[in-house]
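For reference, the chains in residue letters:
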Amino acid sequence: MNLRQLFHSRKMLLATIAFSSIVITSCSNDDEPPIADEVATCNDGIRNQGEKGIDCGGPNCQPCVDEIATCNDGIQNGDETGIDIGGSCAEIITISGEISEDTTWTADNMYLLAGKVVVGVGKTLTIEPGTIIKGKPGSGSLASALIVQRGAKIMAEGTADKPIIFTAEADNIGVGQKHGTNLDETQRGLWGGVIVLGRASGSFKGDVSEVQIEGIPADDTYGLYGPGDDLNDNDNSGVLKYISIRHGGALIGEGNEINGLTLGSVGKGTKIDHIEIVGNVDDGIEFFGGTVDATNLLVWAQGDDALDIDQAYSGTIDNAVVILGEASDHAFEIDGPEGSLEGSFTLKNATIIGSATAADGEYADYRSNAMGTTSNIYAYGFPEGKDVELDANDVAQNYLDGKLIFEAWEVVGFDNSIFSEKVKKDENGNEVQSKIILEPSFTERAASWTTKVEKGAQSVGADTSVFSWTFYANSKGAAAF
């Protein structure tokens, strides 16, 4: 057999074997069902075999249910276009410039202040309970703030369950939430603040009838406060109730920051109740003149003074809590009239909590002709060396004349030695006055209104139970007060 015949013979043999295998295989499977396509597994967490989603949809699994957006979890999901906004969730509505018609902000949206937003004369801004307002960052002319100018109104009535919250754009708080997760009391100056102005009395240098509010550039006339030609001590700027203002105090000029809440010549017709200020660069709440009463105030970790009184403020502050932070200066800073008009404040039923780490962190400073009454004060947490001071002869004289009154202070760990008379100094730190409260001294006289107590054994101070709604109380829990 030659080579070609041998190759042909082997080729035929292989073909025969292959054919036999096919026949044998076909015969052996004759009674079995045909092979089916692989069935989708609808419970293995894998998208396979026609499934439209993980373990759902397609020809074999249950229909997929569209994911429902969760609008308060800090996660972009469902049909949201951003974190907790867009789609079926609330939108962020950017506001700037003047509010020139009666306007309502609703709790199903969030509002972003881009620069200074001013409520126009004769107009009312209504804010629903639970609404969140954020401020964009910026300094100088770009600082964001809400300003209720003279002749305008704000009707912002939150509730304990649904407080109205002003905070920074950076805060990841979502609609329906009371606080976010990324900012605490140490984050300050991330936006401006809230400013309310009126036509009630104020005592100003040169006895002028109106001045420009701190924190607003001088050429912005909507920043004027004071009676002007229309004095009204019952002036009504509206209602602020259950309001939390957080992370503000943007710088508008060297040494000039916006307070958390600024009140300029606000009248008694205005209602201010249940206000919280958290982590502001400058003061927590500052009263520039005016006659408005304010109740249930809490200031936490401000950078300067917690409650600041100026220009013959003549209202009553009742039930207040101050918690100093590491950057805080005074719990109270009290100044008096700057012009010939005198006015007398009342500050009562307050609890002030010191800071072990604050470089300053004093109880109180009474300055510049201060006049009024401070009573029923409970203080604890202050390190040794902190004081309550009269800082010059004019304040000391007001004390001697009965225009500056102290009543019922209870202090943990310290007695009347915290009360001190100081005198004016020149730019080199040299005293240029002598003390005038003598025999007995101011410190000695303070024994008549000061009691050293154990923590928790006080009989004066704030009713702290009304602050359970605050960011502070929710952050600190049972140890809050």
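See the structure above.
The shown structure was predicted, so the numbers you read here are calculated from the model rather than taken from an experiment. (Residues numbered from 1 in each chain as written. Predicted model: local features only at pLDDT ≥ 70, side-chain atom pairs only at ≥ 80, totals over all residues. Heavy atoms only, no water.)

Asks: Sorry, what's going on with the overall build of the protein chain here?
Replies: The secondary structure content of the protein chain amounts to four helices and 28 strands. Counting every position in the protein chain, which comprises 481 residues, the buried fraction comes to 49%. (Helix = DSSP H or I, 4+ residues; strand = E, 2+ residues; numbered from the N terminus. Buried < 20%, exposed > 50% of the residue type's maximum accessible area, 1.4 Å probe, protein only.)

Asks: Whenever I open this one, the nonpolar core confuses me. Can you help?
Replies: What tends to happen in soluble globular proteins is that the nonpolar side chains get buried as a cluster. Ranked by internal contacts, the top residues of the largest apolar core, which has 75 residues, are Phe332, Tyr366 and Phe406. If sequence neighbours within four positions are ignored, Phe332 has contacts with Leu307, Leu347, Ala350, Ile352, Tyr363, Ala364, Asp365, Tyr366, Thr374, Ile377 and Trp409. If you look at the next biggest cluster of nonpolar residues, it comprises 16 residues, including Ile323, Tyr380, Val453 and Tyr472. (Core = buried A, V, L, I, M, F, W, Y, C linked by side-chain atoms within 4.5 Å. Contact = heavy atoms within 4.5 Å.)

Asks: Honestly, helix α2 (residues 393–400) in this entry has me stumped. Any pointers?
Replies: Residue pairs spaced three or four apart in an α-helix point in one direction, given the helix's 3.6 residues per turn. Listed in full, the buried residues belonging to α2 are Asn393, Val395, Ala396, Asn398 and Tyr399. Following α2 by one or two positions, Gly402 has its phi on the positive side, about 80°.

Asks: What exactly am I supposed to notice about the side chain of Asp310 here?
Replies: Summarising the element assignment, Asp310 is placed in strand β19 (residues 307–310). When residues no more than four places from it in sequence are discounted, the contact partners of Asp310 are Glu286, Phe287, Phe288, Gly289, Asp335 and Gly336.

Asks: I keep staring at the state of the cysteines and nothing clicks. Help me out?
Replies: This structure, assessed with the given rule, holds one disulfide. The partner cysteine of Cys42 in its disulfide is Cys61, sulfur to sulfur 1.8 Å. Taking the torsion about the sulfur-sulfur bond, which here is approximately -80°, the covalent link between Cys42 and Cys61 counts as left-handed. In this pair, Cys42 is assigned in the loop between α1 (3–28) and β1 (92–99) and Cys61 in the loop between α1 and β1, connecting sequence segments 19 residues apart. Given a relative accessible area of 10%, Cys61 falls into the buried group. (Disulfide = S-S within 2.5 Å.)

Asks: How should I be thinking about the environment of Gly57 in this particular structure?
Replies: Assignment of secondary structure puts Gly57 in the loop between α1 and β1. Using a relative accessible area of 5% as the deciding quantity, one classes Gly57 as buried. Between the alpha carbons of Gly57 and Cys42 there is a distance of 8.9 Å; along the sequence they are 15 residues apart. With residues up to four places along the chain from it excluded, the contact list for Gly57 reads Gly50, Glu51, Lys52, Gln62, Pro63 and Cys64.

Asks: Please explain the pattern of salt bridges as it appears in this structure.
Replies: As a working rule, side chains carrying opposite charge can pair if their charged atoms are close by. Throughout the structure, instances matching the rule amount to nine salt bridges. Residue Lys136 pairs with Glu169 through a salt bridge whose shortest N-O separation is 3.3 Å. Here Glu169 lies in the loop between β8 (164–168) and β9 (193–197) and Lys136 lies in the loop between β5 (132–135) and β6 (145–148), a separation of 33 residues in the sequence. The partly exposed category is assigned to Lys136, whose relative accessible area is 28%. Between Arg367 and Glu333 there is a salt bridge whose closest N-O contact spans 3.4 Å. Within this pair, whereas Arg367 is found in strand β23 (residues 362–367), its partner Glu333 is found in strand β21 (residues 330–335), the two being separated by 34 residues in sequence. Here Arg367 falls in the partly exposed class, since its relative accessible area comes to 26%. (Salt bridge = Lys/Arg side-chain N within 4 Å of Asp/Glu carboxyl O.)

Asks: What's the story with the pairing of strand β15 (residues 261–264) in this structure? I'm lost.
Replies: Within a regular strand, side chains alternate between the sheet's two faces. The side-chain alternation of β15 yields two buried faces, one formed by Leu261 and Leu263 and the other by Thr262 and Gly264. Note that β9 and β15 share four bridges and pair parallel. Looking at β15, one finds that Ile195 is bridged to Thr262. The sheet contact formed by β15 and strand β17 (residues 285–288) spans four bridges and is parallel. When the sheet's bridge partners are listed, Thr262 is paired in β17 with Glu286. (Pairing = 2+ DSSP bridges.)

Asks: Would you mind showing me how to read the packing of aromatic side chains here?
Replies: Aromatic rings in a pair are described by how distant their centres are and how their planes are angled relative to each other. For the structure on display, the rule yields 22 aromatic pairs. A centroid spacing of 6.0 Å and a plane angle of 65° characterise the contact between Trp300 and Phe471, whose relative ring orientation is edge-to-face. In this pair, Trp300 is assigned in strand β18 (residues 294–300) and Phe471 in helix α4 (residues 471–476), connecting sequence segments 171 residues apart. Exposure class is identical for Trp300 and Phe471. Each is buried. Every member of this aromatic cluster is reached through a ring pair, and the members are Tyr366, Tyr399, Phe406, Trp409, Phe419, Phe442 and Trp449. (Phe/Tyr/Trp six-rings, centres within 6.5 Å; stacked < 30°, edge-to-face > 60°.)

Asks: When you look at the environment of Ala114 in this model, what are you seeing that I'm missing?
Replies: Inspection of the secondary structure puts Ala114 in strand β3 (residues 110–119). Under the relative-accessibility criterion, Ala114 is labelled partly exposed at 24%. When the C-alpha atoms of Ala114 and Lys136 are compared, they prove to be 5.5 Å apart, with 22 residues separating the residues in sequence. When residues no more than four places from it in sequence are discounted, the contact partners of Ala114 are Thr94, Ile95, Ser96 and Lys136.

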